[in-house]
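Overview (structure and organization)
Chain by chain, the residues:
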Amino acid sequence: MFASAIRMGKIVGAPKGHDRYRDPLTHQITPALYRVRAPFFKRNVIGFVLVSAIPLGVYMYTWSFLSKDEFSDIPIPPIDDAELKQLQAEYEAKKKQQS
């Protein structure tokens, strides 16, 4: 930086490529940026609510539709005890191989 542009650690004016809405030392938002954003805050919040309401509504509709579904009308094929024991043994053997 130029020595004439620096006074007591603060930059006077904005050098090329520098943003006046951030403090050059701490990079925190300055009160000027809060003032610039203030008129848009309500509109941004309303837009956020509207845009987020769409996927939330789809999610809630899907949840309510799927929670009504019953699977009692789907027949489950009967299985005898010997076949069940064989399937359990295959499952346990596969589980031991993976671990």
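Residues numbered from 1 in each chain as written. Predicted model: local features only at pLDDT ≥ 70, side-chain atom pairs only at ≥ 80, totals over all residues. Heavy atoms only, no water.

**Points about the overall build of the protein**
Note the threshold: Segments assigned H or I by DSSP are reported as helices when at least four residues long, segments assigned E as strands when at least two residues long, and all are numbered from the N terminus. Only protein chains enter the calculation, and the probe is 1.4 Å; a residue is then buried if its accessible area is under 20% of its type maximum, exposed if over 50%, and partly exposed in between.
Each helix and strand in the protein was counted, giving three helices and two strands. The buried share of the protein, reckoned over its 99 residues, is 3%.

**Notes on the confidence of the model for the protein**
Worth spelling out the cut-off: Residue-level confidence of the predictor, termed pLDDT, takes values from 0 up to 100.
Looking at the protein, the pLDDT average stands at 83 and 82% of residues meet or exceed 70. Strand β1 (residues 6–7) is the least confidently modelled element of the protein, averaging 52 in pLDDT, while helix α2 (residues 41–67) averages 95, the highest of any element.

**A few points about unusual backbone geometry**
Across the chain, the bulk of peptide bonds are trans and the bulk of non-glycine residues have phi less than zero. With phi around 60°, His-27 is a residue other than glycine that occupies positive phi space. Structurally, His-27 is set in the loop between β2 (10–11) and α1 (31–37). Looking at His-27, the relative accessible area reads 55%, which means it is exposed.

**Quick look at the side chain of Thr-30**
Put simply, the rule reads: Only heavy atoms matter for contacts: two residues are in contact if any of them lie within 4.5 Å across the pair.
One can find Thr-30 in the loop between β2 and α1. Judged by relative accessible area, Thr-30 falls into the buried class, the value being 16%. Thr-30 has contacts with Arg-20, Tyr-21, Arg-22 and Asp-23, leaving out every residue within four places of it along the chain.

**Digging into a nonpolar patch on the surface**
Short version of the rule: What goes into a patch is any residue over 30% in relative accessible area without a salt bridge, connected to like charges within 9 Å or, for nonpolar side chains (Val, Leu, Ile, Met, Phe, Trp, Tyr), within 5 Å. Residue-level accessible areas treat just the shown protein chains as cover; the underlying method is Shrake-Rupley with a 1.4 Å probe. Each reported salt bridge corresponds to a side-chain nitrogen of Lys or Arg within 4 Å of a carboxyl oxygen of Asp or Glu.
A cluster of nonpolar side chains, namely Phe-41, Val-45, Phe-48 and Val-49, defines an oily patch on the protein surface of about 430 Å² accessible area. With respect to the element layout, Val-45 can be found in helix α2. Taking the relative accessible area as the measure of exposure, Val-45 reaches 36% and is therefore partly exposed.

**Notes on α2**
Convention followed: Given a helix with a known number of residues, its expected span is that number minus one, times 1.5 Å. Here the bend at each residue means the angle between axes fitted to two seven-residue stretches, the one ending at that residue and the one beginning there.
With 27 residues, α2 extends 38 Å from end C-alpha to end C-alpha; this agrees with the ideal 39 Å at 1.5 Å per step. Along its length, α2 reaches its greatest deviation from straightness, about 30°, at Ala-53, and the proline Pro-55 lies no more than four positions downstream. A small share of α2 lies buried, amounting to zero of its 27 residues.

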